[in-house]
Amino acid sequence: MKCSDSGTTSSIAVKDWSGRRGRLGDKIFLYLTFIFALIIAVSLVALLIVLNISAWPAIQKFGVSFLTSLDWDPVKEVFGALPAIYGTLLSSIIALIIAVPISIGSAVFLSELAPAWIREPCSFLIEMLAAIPSVIIGLWGLFVLVPFIRSPIESWLGSHLGFLPLFQGPLFGLGFLAAGIILAVMVVPIITAVSRDVMRAVPVTQREAMYALGATRWETIYRTVLPYCRSGLLGAVILGLGRALGETMAVTMVIGNSYALTSSLFSPGVTIASKIASEFSEASGDIYIGSLVELALVLFGITLLVNIIARLMVWRMISVKATGE
Amino acid sequence: MSEAGRVRRKWTNRIMLILCGCAVGLCILILALIVGYTVAKGANYLNVDFLTHTSKPVGEIGGGMRDEIYGTFILVGLASVIALPIGLMAGIYLAEFGSPAVASVVRFIADVLAGVPSIVVGVFAYAILVRPMHTYSALSAGVALAIIMIPVVARTAEEAMRLVPNSMREAALALGINRWRAVLGVVVPGALTGIITGIVLAVARIAGETAPLIFTALGSAFGVQGLLQPIGALPLQIYRYALSPYPDWQQQAWAAAFLLMILVLGINIVVRSVSRRKSM
């Protein structure tokens, strides 16, 4: 709570400071810092404009059909994004289905249950998981996780749940399931960290009231803590989704790169990011490069939307925290 | 309440709390597996040759990654040179000078920029630098990494400066100095630990970035030739070698991963333990 205190005092300070009549040196410094802050805004706008210009040949040629077409044929120069969009969404959804229960459980443990001497090292280790470069996780996924997925996991799913179209087909190991699991490994630390902070923002009085009514610890968590910070938790999950959608290296290494629309989680697939990563440096011709850039533009649009929604939700929770005390 | 109901509540409580503990255990197990495999497979291949030799052509056993290690340091240095002034000045603006409305817009944009997938940033760097100059280059890769780094540095610097007590600003102003002197002489030094922590963590993050390098740095078989030529990097080489069909190259990918992991996790562990001790 120390943090929010100093936050409010310093925002008062900003007002006080800007009320002072500026001297010349101050004005110069103010504009100087403002110009550098502006660079951030300009680079985001430039990103949008430049991507649009580079993608223009493809946008002009294919129009809306780019989003609905299944083809990807560099020889005939016919390109469509649907399998990549589908693969991106599918692998991210698998990742969230796996990661959300684990993350919320971990966050509950770290925020509600563990004493400080366990909490600190556990939080630290989960932060370390987030710090491992994605290419190393991909390497591990390729040589350790994929064989493991092929023999016990996929063969078990295939023989027990094989009547579902999700779990049919030959067992490659490489594919949507592997991509989903590896993405889950990468988003768990983010969702855990944000949800833990959000849960800590729930006022203690809420918990004490539940205990006073004779509730068990789990009932207190499930009926009071989690509902109280629902929107913040949703924001945390969406933040994780934003990361999963744009994650490139680890996914590229385990998804198998096959441009097709299939219902089976066992089959190799493709995501927007993995398509760009695996083909961009070999692409030639305005239409081909333009199509890859348009893929990047689509990915940019999706993640932008997702991130804005997540930020708004987490921010709302934090403003609740500031006024709730 | 009935006896059965109480027993059920008690057991639900226990089981759910144990499951929450298991979730944390699973996270730590996965971390241990990743680190463990990388150490086990990479450590015994790592030797002096690996650090001091250049890569060998296909088919020849041995060789090292001297150029790629060097390249990684150059790229990280280049990105830092571009990103640090911009990030720090923007952070100062956000924390000290911005009017609340403008600052919150800039803050929002910085958060959005931080959320842009790194591969999209790579495509952007390709479009503005590689394509007009007709060559893959270290410069374009450095710019891509800098764009990833700027919002992180700006936001952490801002957070650190906000933690400096207001009384210190007032004391400085009461001595009659200008605001910009107060910021540079009092606020920034007061927040220095936090600022440096943010910078170092941002460096650790971009050192492991691979996606934006694939079509900007490209990789080089001829060592480091300057900023306007293709350049190799450690994470890029891990990616290339991991997907190669040669067992020796795959071995080298593990060794490089081990090296990169020591670098990135080492920086993280040192910085976090130092900043944690300070904050206690």
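Residues numbered from 1 in each chain as written. Chains lettered and ligands numbered in written order. Predicted model: local features only at pLDDT ≥ 70, side-chain atom pairs only at ≥ 80, totals over all residues.

To continue, consider the overall build of chain B. Secondary structure assignment for chain B yields 11 helices and zero strands. Reading the helices (α) and strands (β) of chain B from amino to carboxyl end gives α-α-α-α-α-α-α-α-α-α-α. Here the C-alpha atoms of chain B give a radius of gyration of 24 Å, more than 25% beyond the 19 Å that 2.2 N^0.38 yields for 280 residues. Each principal axis of the C-alpha atoms in chain B carries an extent, and together these give about 70 × 65 × 35 Å. Counting over 280 residues, chain B shows a buried share of 50%. The contacts in chain B between residues at least 6 apart in sequence include a share of 71% that link residues at least 24 apart. (Helix = DSSP H or I, 4+ residues; strand = E, 2+ residues; numbered from the N terminus. Rg over C-alpha atoms; globule rule 2.2 N^0.38 Å. Buried ≥ 20, exposed ≤ 12 C-beta atoms within 10 Å, placed from the backbone. Contact = placed C-beta atoms within 7 Å.)

As a further point, take the overall build of chain A. Regarding its fold elements, chain A presents 13 helices and two strands. For chain A, the C-alpha atoms occupy an extent of roughly 65 × 60 × 30 Å along the three principal directions. Evaluated residue by residue, chain A yields a buried proportion of 47% over its 325 residues. Considering only residue pairs separated by 6 or more positions, chain A has 77% of its internal contacts joining residues 24 or more positions apart.

Our next topic: the nonpolar core. Counting residues in hydrophobic clusters, the biggest one holds 196 residues, and the most contacted among them are A:Ala178, A:Ile182, A:Val254, A:Ala296, B:Met149 and B:Ile238. Per-element accounting of this core gives the leading share, 18 residues, to helix 7 (residues 176-200) of chain A. Counting the residues that make up this core, at least three belong to each of domain 1 (3-42) and domain 2 (50-279) of chain B. In this structure, B:Met149 is in contact with B:Ala79, B:Ala83, B:Gly87, B:Ala202 and B:Ile206, ignoring residues within four places of it in sequence. (Core = buried A, V, L, I, M, F, W, Y, C linked by C-beta atoms within 7 Å. Domains from an automatic or database assignment.)

All names here are of chain B. Chain-level statistics for chain B give a pLDDT mean of 90 and a share of 98% at 70 or above. The spread of mean pLDDT over the elements of chain B runs between helix 2 (residues 48-52), the lowest at 83, and helix 6 (residues 138-162), the highest at 95. Both scores are given for the predicted complex: the pTM is 0.90, the ipTM 0.92. (pLDDT = per-residue confidence, 0-100.)

On to the domain arrangement of chain B, then. Residue and element names in this part refer to chain B. The domain boundaries assigned to chain B delineate domain 1 (3-42) and domain 2 (50-279). One C-alpha centre belongs to domain 1, the other to domain 2; they are set 34 Å apart. Listed by partner, the interface residues are four residues for domain 1 and five residues for domain 2. Residues belonging to the side of domain 1 that touches domain 2 are distributed by class as follows: one nonpolar, two polar and one charged. (Nonpolar A, V, L, I, M, F, W, Y, C, P; charged D, E, K, R; others polar.)

A few words now on helix 2 (residues 24-62) of chain A. Residues and elements named next belong to chain A. Between its first and last C-alpha atoms helix 2 spans 55 Å; for 39 residues at 1.5 Å apiece the expected length is 57 Å, and the two agree. Along helix 2, the sharpest kink reaches roughly 55 degrees, centred on Ala55 and followed within four residues by the proline Pro57. Note on helix 2: the residue one or two positions beyond its end, Gly63, has a positive phi of about 60 degrees. (Expected span 1.5 Å × (residues − 1). Bend = angle between axes of the 7 residues up to and from the residue.)

Residues and elements named next belong to chain A. At a minimum axis distance of 9 Å, the contact between helix 4 (residues 82-113) and helix 10 (residues 230-246) shows a crossing angle of 140 degrees. The orientation of helix 4 with respect to helix 10, classified from their angle, is oblique. Helix-helix and strand crossings are classified by hand; for helix 4 and helix 10 the assignment is right-handed. On helix 10, the residues that touch Thr88, Ser92, Ala95, Leu96, Ala99, Val100 and Ile104 of helix 4 are Leu233, Val237, Gly240, Leu241, Ala244 and Leu245. Partitioning the contact of helix 4 with helix 10 into residue classes produces 10 nonpolar, three polar and no charged. (Axes fitted to C-alpha atoms, helices over the stretch in contact; angles between N-to-C directions. Parallel < 35°, antiparallel > 145°, perpendicular 65-115°, else oblique. Left-handed = near helix turned anticlockwise from the far one by under 90°.)

With that settled, consider the packing of helix 3 (residues 66-97) of chain B against helix 6 of chain B. Residue and element names in this part refer to chain B. Packing of helix 3 against helix 6 leaves a shortest axis separation of 6 Å and a crossing angle of 35 degrees. Considering how the two elements wind past one another, helix 3 and helix 6 form a crossing that is right-handed. Split by residue class, the contact of helix 3 with helix 6 holds 24 nonpolar, three polar and three charged.

Let us now look at the environment of A:Phe172. All names here are of chain A. Relative to the elements of secondary structure, Phe172 occurs in the loop between helix 6 (134-161) and helix 7. A sequence separation of 21 residues divides Phe172 from Ser151, and the C-alpha atoms of the two residues are 9.3 Å apart. Not counting residues within four places of it along the chain, the set of residues in contact with Phe172 comprises Arg150, Gly256, Phe266 and Pro268.

Bringing the environment of A:Ala41 into the picture now. As for its placement among the helices and strands, A:Ala41 is situated in helix 2. In this structure A:Ala41 comes out as partly exposed when scored by C-beta crowding, with 17 C-beta atoms within 10 Å. Considering only alpha carbons, one finds A:Ala41 and A:Phe280, 239 residues apart in sequence, at a separation of 27 Å. Contacts of A:Ala41, omitting those with residues within four sequence positions, involve B:Val106 and B:Ile109.

Along helix 8 (residues 179-190) of chain B, the residues classified as buried are B:Arg179, B:Trp180, B:Ala182, B:Val183, B:Val187 and B:Val188. Down the axis of helix 8 of chain B, the buried side of the element spans an arc of 150 degrees, and every buried residue falls inside it. (Arc of directions from axis to C-beta.)

On the chain B side, the residues contacting the 76 residues of chain A number 76 residues. Each residue belonging to the side of chain A that touches chain B can be placed in one class, and the counts come to 52 nonpolar, 20 polar and four charged.

By secondary structure assignment, the location of A:Leu304 is in helix 13 (residues 286-323). Between the C-alpha atom of A:Leu304 and that of A:Gly242, which follows or precedes it by 62 residues, the distance is 8.1 Å.

A positive phi is found at A:Asn257, a non-glycine position, where the angle reads about 50 degrees. One can find A:Asn257 in the loop between helix 11 (249-254) and helix 12 (272-279). Given 18 C-beta atoms within a 10 Å radius, A:Asn257 is considered partly exposed. At B:His134, a position not held by glycine, the phi torsion is positive, near 60 degrees. By secondary structure assignment, the location of B:His134 is in the loop between helix 5 (118-133) and helix 6.

For the rest of this paragraph, the subject is the confidence of the model for chain A. Low pLDDT marks regions whose predicted coordinates should not be analysed in detail. Residue and element names in this part refer to chain A. The pLDDT averaged across chain A works out to 87; a share of 90% of its residues lies at or above 70. By mean pLDDT, helix 1 (residues 2-19) is the weakest element of chain A at 43, and helix 4 is the strongest at 95. Note on residues 1-16: pLDDT is under 50 here. Beyond four places in sequence and across chains, it has 14 contacts. Counting contacts from residues 321-325, a segment whose pLDDT is below 50, to residues more than four positions away or on other chains yields six contacts.

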